[in-house]
Amino acid sequence: MGQFGIGQPVRRKEDVRLLTGKGVYTDDVNIDGQVFAVFVRSPQAHATINSIDIQPALAAEGVIAIYTGDDLAADGVGTLETEVEMSDLAGNPMFRPKRTLLATGKVRFLGEPVAVVLAETQEQARAAAELVMVDYDQLPSIASTSGAVDPSSPPVWPEHGSNVSVHWENRPASEIDVHMERAKTRVTVDIVNNRLVPNPMEPRAAVAQFDAETGVMTLYAPTQGGRRIQGGLAKGILKIPADKMRVISQDTGGGFGIRGKLYPELGVVCWAARRSGRPVKWRGDRSETFVSDYHGRDQVNHAEMGLDENGRVVALKVHTILNVGAYMGENGPRLPISGGGRIIPGVYDIANFYFSVKPVFTNTVPTDTYRGAGRPEANFLMERLMDAAADATGLSRDEVRRRNVIRQDQMPYMTQMGLLIDSGDFIGNMDMAMEHSDWKGFEARRKDSEKTGKLRGIGIGNFVEAAGGRPTEEMRVRISPDGKATVFAGTYSHGQGHETVYAQLIEEYLGVPFADVSLVQGDTATSPMGSAGTFGSRSSWMGGLGIRKSSDAVIAKGRKIAAKLLQGEEEGVTFENGVFSAGAGSVTIQEVAKAAQEPKNLPEGMEPGLDESFHVKRDAELFNFPNGCHVCEVEVDPDLGIVQIVRYTAVDDCGVVLNPFIVHGQVYGGVAQGIGQALTENTVYDAEGQLMTGSFMDYGMPKAQHFSHIEALFNEVPCKTNELGVKGAGEAGACGAPSAFVSAVMDALKPYGIRHLDMPLTPDRVWQAIAEAKSDKAA
Amino acid sequence: MQDFTFHMPAAVADASGLLGSCEDPKLIAGGMTLLPTLKQRLAEPTDLIDLGAIADLKGIRREGEHIVVGAMTCHADVAASELVLSTIPGLAMLAGQIGDPAVRHRGTIGGSCANADPAADYPAGIVGLGATVVTNQREIAGDDFFVGLFETALEPGEIITAMRFPVPKWSHYMKLRHPASGYAVVGVMIVDTGAGVRVAVTGAGPSAFRVTAMEEALSADFSAKAIDAIKVDADGLNADMHASAAYRAHVIGVLAKRAIAARR
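What counts, and where the lines are drawn
Sequence order as written defines the numbering, with residues in each chain counted from 1. Written order determines the labels here, with chains lettered from A and ligands numbered from 1. For this predicted model, a pLDDT threshold of at least 70 governs which residues receive local features, and a threshold of 80 or more governs which side-chain atom pairs are given and counted, while totals over whole chains, interfaces and linings are taken from all residues. Side-chain metrics in this entry use all non-hydrogen atoms of the structure; hydrogen atoms and water are not considered. Under the scheme used here, helices are H or I runs from DSSP no shorter than 4 residues and strands are E runs no shorter than 2 residues, and both carry numbers assigned from the N terminus. We compute the radius of gyration from the C-alpha atoms alone; for a globule the expected value is 2.2 Å times N to the 0.38, where N is the number of residues. A 1.4 Å probe and the Shrake-Rupley method give the accessible areas. Residues count as covered only by the protein chains that appear here. Exposure is judged per residue with a 1.4 Å probe applied to protein chains only, and the accessible area is read against the type maximum: over 50% gives exposed, under 20% gives buried, and values in between give partly exposed. It only takes one pair of heavy atoms within 4.5 Å for two residues to be counted as in contact. Defined in terms of a 1.4 Å probe, buried area is the accessible area two parts forfeit on being brought together, summed over both. By definition, a salt bridge exists where a carboxyl oxygen of Asp or Glu is found within 4 Å of a side-chain nitrogen of Lys or Arg. Pairs of N or O atoms within 3.5 Å make up the polar contacts considered here, provided that, within protein, one atom can donate a hydrogen while the other can accept it, and that residues adjacent in sequence are counted only when both atoms are side-chain atoms. Pairing between strands is defined by DSSP: at least two bridges between them are needed. Geometry is summarised by axes, namely lines fitted to C-alpha atoms with helices restricted to the contacting stretch, and by angles between N-to-C directions that run from 0 to 180 degrees. Domain extents, as shown, originate in an automatic or database domain assignment. Crossings are sorted by hand: turned counterclockwise from the far helix by less than a right angle, the near helix makes the crossing left-handed, and turned clockwise it makes it right-handed. Here the nonpolar group is Ala, Val, Leu, Ile, Met, Phe, Trp, Tyr, Cys and Pro; Asp, Glu, Lys and Arg are the charged ones; every other residue, Gly included, is treated as polar. Within 6.5 Å between ring centres, the rings of Phe, Tyr and Trp (the latter by its six-membered ring) count as paired, and their orientation is classed by plane angle as stacked under 30 degrees, edge-to-face over 60, tilted in between. Here, a charge over a ring is recorded when the distance from Lys NZ or Arg CZ to the ring centre is within 6 Å and its angle to the ring normal is within 35 degrees.

1. Focus: the overall build of chain A
Move 1: For chain A, the count of helices and strands is 18 helices and 28 strands.
Move 2: Here chain A has a C-alpha radius of gyration of 28 Å; the compact-globule value for 779 residues is 28 Å, and the two agree.
Move 3: Dimensions of chain A, computed from C-alpha atoms along their principal axes, come out at roughly 95 × 75 × 55 Å.
Move 4: Put simply, chain A shows about 27700 Å² of open surface, and 51% of that area lies on carbon and sulfur atoms.

Below is the structure:
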């Protein structure tokens, strides 16, 4: 293993470029002759559109055109619909409404685009957008997740009759009731898993250009890999051949799942470029992020768990309501089930499991994948149940967990939901986390905090994920005649550091120096046809495996060429550290690459060049299972309700770690987002469906001051189902942090008898709970 | 942002003249509130008069028993000023807790006070320290300056030039930060003037106010115990999704006691 090989903490190649402002984001793209688009958005949560008067706006200075949903419909522009299909046990399918790119007839959430204005300048477009007169008749609206299951709630889709799109169950509940009845101890938890606004640093943007001569539509936009958006736009929206649709993402400032989606605005901008004959640029602002980027989480869970006299779980029933918003996102309805939720019961060996999910419509922004995508919700629920079980049985929080985790000797372990967990050391994770957090010494620290009037608490959270996302990916590796290597990736790094990690892999596999490796990605014209993208903690696995296999093919071809160059037999040629050897002779991979250009050096019938690709295809039901145990320690100021993290220990098993420096970054970022959900972030709609937290003035992002040092440790258990031994790393922190944190706060608040509070644990909420507990005691 | 004409006068008199002659002018100091407002098209002035080039408006100096802070002095300069730290540490403490480093290097004391955001920190300092607001036309007592939500005693055409603070015996500022914005959910300034105690609160009401019951109790006995029984009435206090009026009323008491306990 060289200085830049697998497992080395190599500094990120891309950082200098990105940190010195040399990145090229979509807003940096300008095309001669471009016009600016501004969307007219609904100020209403739910309303009938009586009319749209565009005449005053059309007359405004600089205005080129104004389009509404009717214009799109008249031109045959397609609609968006979810990829998800599911049905109830009786076979009744989910209600799957289609979404027009611009609202027609009705608006169903605040921020829904109704019209688009094109003008010569951004300011002219914004000014004209204010002149577009939409006549609305307000309709009753519903924003509440739990309220939407009420049959009398105002229907978002009257044609369906109910806001419940489907009642999905894994099996009849009665099958579990018999097991629940024999439990000695039963615990229940009720959880509101708060809605989040993902907020990547880069707001959405799009620049589209249509070349009438070639018929090629080019779209620049931040994505998580353009291939899927290319397909969706070409086939579903613009109805053109996929090879006439090109999607380019140079740099993208954060994705978290929601940047991978085909948003209506992308379709509108492309269509408007074709219709108007001018390149169109749209630069969404932060306010639009809040009301039009898909939101995350927003579940209400009710769960019941039964344990026997030994503290072993004998039955588990989970009822989840998922708020899908006004329309169904591409993957949104899948999240509590196949998208991540089915990882319940987490790291625990629970044989009898009933699971019910109701995705409900409300007059809110659609929800979809956000870092963890169903897995943070699932793990949080399971860990709250374990804390409740500890309370009810009198066992310590770690002991009740130890009695129930899946042991290594049970692996591979098939879960109730059909996931095959290949590896993981769940007891070892807990041991390591408890040792490094000095769990034993906690009582002494608690007493020290008491002296300063603070309540100290410690919490533990286990988690496991199912990582990997879509089952295919394609990667290509080329060694040029100059000896330099290029990876053409189907994955798309939008912060993950692929430029660095892929170069490490190439140095490791092919011996081409780290500095001589470059990455080509983010353009459907150059990325492999089998490209899928980066999401679901998949790139080290799917991308890494693609590089491994492409490299193998490069070596195989190189060996043939080397044999000819060295005048030996192919079988006798060895390859190590970038050098092909046969007997006393040797030739470097760079020399082979150069020689490969000349047909005279090649065996008969061989194509010139050293350029191989590999299409990774795996079983759609095969995932890997990143897991870990996080321990969080907090101090609560009982007079003000302020919670401060004072110590944080993260033990993660991401399988083989390709670059600890980068994986630590993933852990820190994931923990920060998990703590954001648990401590500061909340999306609040009022009863009228108005968004109360529409800016950073009201929506609390986690800040450095909220954290202590995070000790990030690895309990590395290689994955058994891929050659690299890797497991996902991108979403783990967000799965582990909320439960460890809330467990710690509840530990601190135990003297008041407070056993659960819903996230986020803001000062007001914590203080209120303490005040109520005090007055209950007094009464 | 709507187009506007930008002016950068070198003297207060020129700025004042522009205020009188332009169609719909606005003064801009640090712009920490005005710029986002312009970007959101919530304000569309025809002319923007930048006070940043007027040298007279900057700087901190001692004038006898007073510290004078020029209206265009940024928060970071107040927070780091040796003069302020050695004479009115509570004011430096307050300035150092405003927003974040970027805001503290752009935002100014004059701009913050003229804007009179109910959750801004400076109003607690102006009222608590019994400062005098000096304008190009007159002097206004700090107690009379903040009259309501985003409302001050300033007349049209009036420009704040400086804040004049009497040097107290002791001062301290404590704040509960808003979880999202960093503004004061509650900020409490406690000042021992030598002739009595002043307690000023920001963030909790429509504008900064004094808690006279605490002032009387502390003037007689400067101890946390002296105000233990004093409950601030939640009636009329701000309430929003981040903090109820009852919470704010409670926090005023807690922060006041902690500030007092900080005196050695």
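2. What about the overall build of chain B?
Move 1: The number of helices and strands found in chain B is 11 helices and 14 strands.
Move 2: A compact globule built from 264 residues would reach a C-alpha radius of gyration of about 18 Å, and chain B, at 18 Å, matches this within 12%.
Move 3: For the C-alpha atoms alone, the extent of chain B along its principal axes is close to 55 × 45 × 30 Å.
Move 4: Counting all 264 residues of chain B, 53% fall into the buried class.
Move 5: For chain B, restricting intrachain contacts to residue pairs at least 6 apart in sequence, the fraction spanning at least 24 positions comes to 58%.

3. Describing the interface of chain A and chain B
Move 1: Listed by partner, the interface residues are 22 residues for chain A and 23 residues for chain B.
Move 2: For the chain A and chain B pair, buried surface summed over both sides reaches about 1900 Å², with 53% attributable to carbon and sulfur atoms.
Move 3: Summed over the three residues of chain A that lose the most area to chain B, namely Leu640(A), Asp764(A) and Trp767(A), the buried surface amounts to 28% of that side.
Move 4: For the pair chain A and chain B, the number of links is four salt bridges.
Move 5: Salt-bridge contacts for Arg258(B) lead to Asp637(A); the nearest nitrogen and oxygen are separated by 2.6 Å.
Move 6: Put simply, chain A and chain B have 10 residue pairs in polar contact (both at pLDDT 80 or more) between them.
Move 7: Listed by contribution, the elements that provide at least two residues to the side of chain A that touches chain B are α4 (122-129) and α18 (763-778) of chain A.
Move 8: Ranked by the residues each element gives to the side of chain A that touches chain B, the list is headed by α18(A), at four residues.

4. Some words on the sheet that holds strand β26 (residues 627-637) of chain A
Residue and element names in this part refer to chain A.
Move 1: Spatially, β18-β26-β27-β28 is the arrangement adopted by the four strands of the open sheet, whose pairing is mixed. Each edge of the open sheet is held by one strand with a lone partner, namely β18 (455-464) and β28 (710-714). Each strand axis lies, on average, 15 degrees off the axis of its neighbour in the sheet, ignoring direction.
Move 2: Direction of pairing for strand β27 (residues 642-653) relative to β28: parallel, over a ladder of five bridges. Within the sheet, the bridge partner assigned to Val651 lies in β28 and is Leu713.

5. Side note on the domain arrangement of chain B
Move 1: What the domain assignment reports for chain B is domain 1 (1-50) and domain 2 (170-261).
Move 2: Relative to domain 2 of chain B, the C-alpha centre of domain 1 of chain B lies at a distance of 35 Å.

6. A look at the pairing of strand β24 (residues 585-588) of chain A
Residue and element names in this part refer to chain A.
Move 1: Where strand β23 (residues 579-582) and β24 come together, four bridges link them in antiparallel fashion. Paired with Phe580 across the bridge in β24 is Val587.
Move 2: The hairpin turn running from β23 into β24, its antiparallel successor, is two residues long, and Gly583 in that turn takes a positive phi close to 60 degrees.

7. A look at unusual backbone geometry
All names here are of chain A.
Move 1: Residue Ile344 is joined to Pro345 through a cis peptide bond whose omega torsion reads 10 degrees.
Move 2: Note on placement: Pro345 falls in the loop between β14 (313-325) and β15 (353-361).
Move 3: For the bond running from Met759 to Pro760, omega is -5 degrees, close enough to zero to count as cis.
Move 4: Position of Pro760 relative to the elements: it lies in the loop between α17 (732-748) and α18.
Move 5: A positive phi angle, close to 50 degrees, is found at Asn199, a residue other than glycine.
Move 6: Along the chain, Asn199 turns up in the loop between β8 (185-196) and β9 (205-211).

8. Some words on the packing of helix α13 (residues 498-510) of chain A against helix α14 (residues 539-565) of chain A
All names here are of chain A.
Move 1: Between α13 and α14, the shortest axis-to-axis distance is 10 Å and the interhelical angle comes to 35 degrees. For the element pair α13 and α14, the recorded crossing hand is right-handed. Every residue of α14 that contacts α13 at His498, Tyr502, Leu505, Ile506, Tyr509 and Leu510 is listed here: Ser539, Gly543, Gly544, Ile547, Arg548, Ser551, Val554 and Ile555.
Move 2: The residue makeup of the contact of α13 with α14, split by class, is eight nonpolar, five polar and one charged.

9. Concerning the packing of aromatic side chains
All names here are of chain A.
Move 1: All told, the structure shown has 18 aromatic pairs over all chains when counted by the stated rule.
Move 2: Centre to centre, the rings of Trp157 and Phe361 are 6.5 Å apart; their planes meet at 65 degrees, and the pair counts as edge-to-face. Separated by 204 residues along the polypeptide, Trp157 in the loop between β6 (133-138) and β7 (168-169) and Phe361 in strand β15 bring together distant segments of the chain. Phe361 carries the same exposure label as Trp157, and that label is buried.
Move 3: Pairwise contacts between aromatic rings join Phe95, Phe109, Trp157, Tyr327 and Phe361 into one cluster.
Move 4: Looking at Arg228, its charged tip hangs above the ring of Phe535, at a distance of 5.0 Å from the centre.
Move 5: Above the face of the Tyr354 ring, Lys317 is positioned so that its terminal group lies 5.8 Å from the ring centre.

10. Brief notes about the domain arrangement of chain A
Residue and element names in this part refer to chain A.
Move 1: Taken domain by domain, chain A consists of domain 1 (15-20 + 469-617), domain 2 (26-144 + 203-285) and domain 3 (417-466 + 623-779).
Move 2: Between domain 2 and domain 3, the C-alpha centre-to-centre distance is 38 Å.
Move 3: With eight residues of domain 2 in contact, the opposing surface of domain 3 contributes eight residues.
Move 4: For the pair domain 2 and domain 3, the summed buried area comes to about 540 Å², and 46% of that belongs to carbon and sulfur atoms.
Move 5: For the pair domain 2 and domain 3, the number of links is zero salt bridges.
Move 6: Scanning the region where domain 2 abuts domain 3 turns up two residue pairs in polar contact (both at pLDDT 80 or more).

11. With respect to the pattern of salt bridges
Residues and elements named next belong to chain A.
Move 1: Overall, the coordinates contain 67 salt bridges over all chains when judged by the stated rule.
Move 2: With a shortest N-O distance of 2.7 Å, Asp251 and Arg17 are connected by a salt bridge. Of this pair, Asp251 sits in the loop between β11 (245-248) and α7 (264-276) while Arg17 is found in helix α1 (residues 15-19), placing the two residues 234 residues apart along the sequence.
Move 3: On the basis of relative accessible area, Arg17 is assigned to the partly exposed category, the value being 29%.
Move 4: Measuring nitrogen to oxygen at the nearest pair gives 2.9 Å for the salt bridge that ties Glu265 to Arg204. One end of the pair, Glu265, is in helix α7; the other, Arg204, is in the loop between β8 and β9, with 61 residues separating them in the sequence. For the pair formed by Glu265 and Arg204, the shared burial category is buried.
Move 5: A network of salt bridges, in which partner residues are shared, links Arg41, Arg204, Arg259, Glu265, Glu288 and Asp293.

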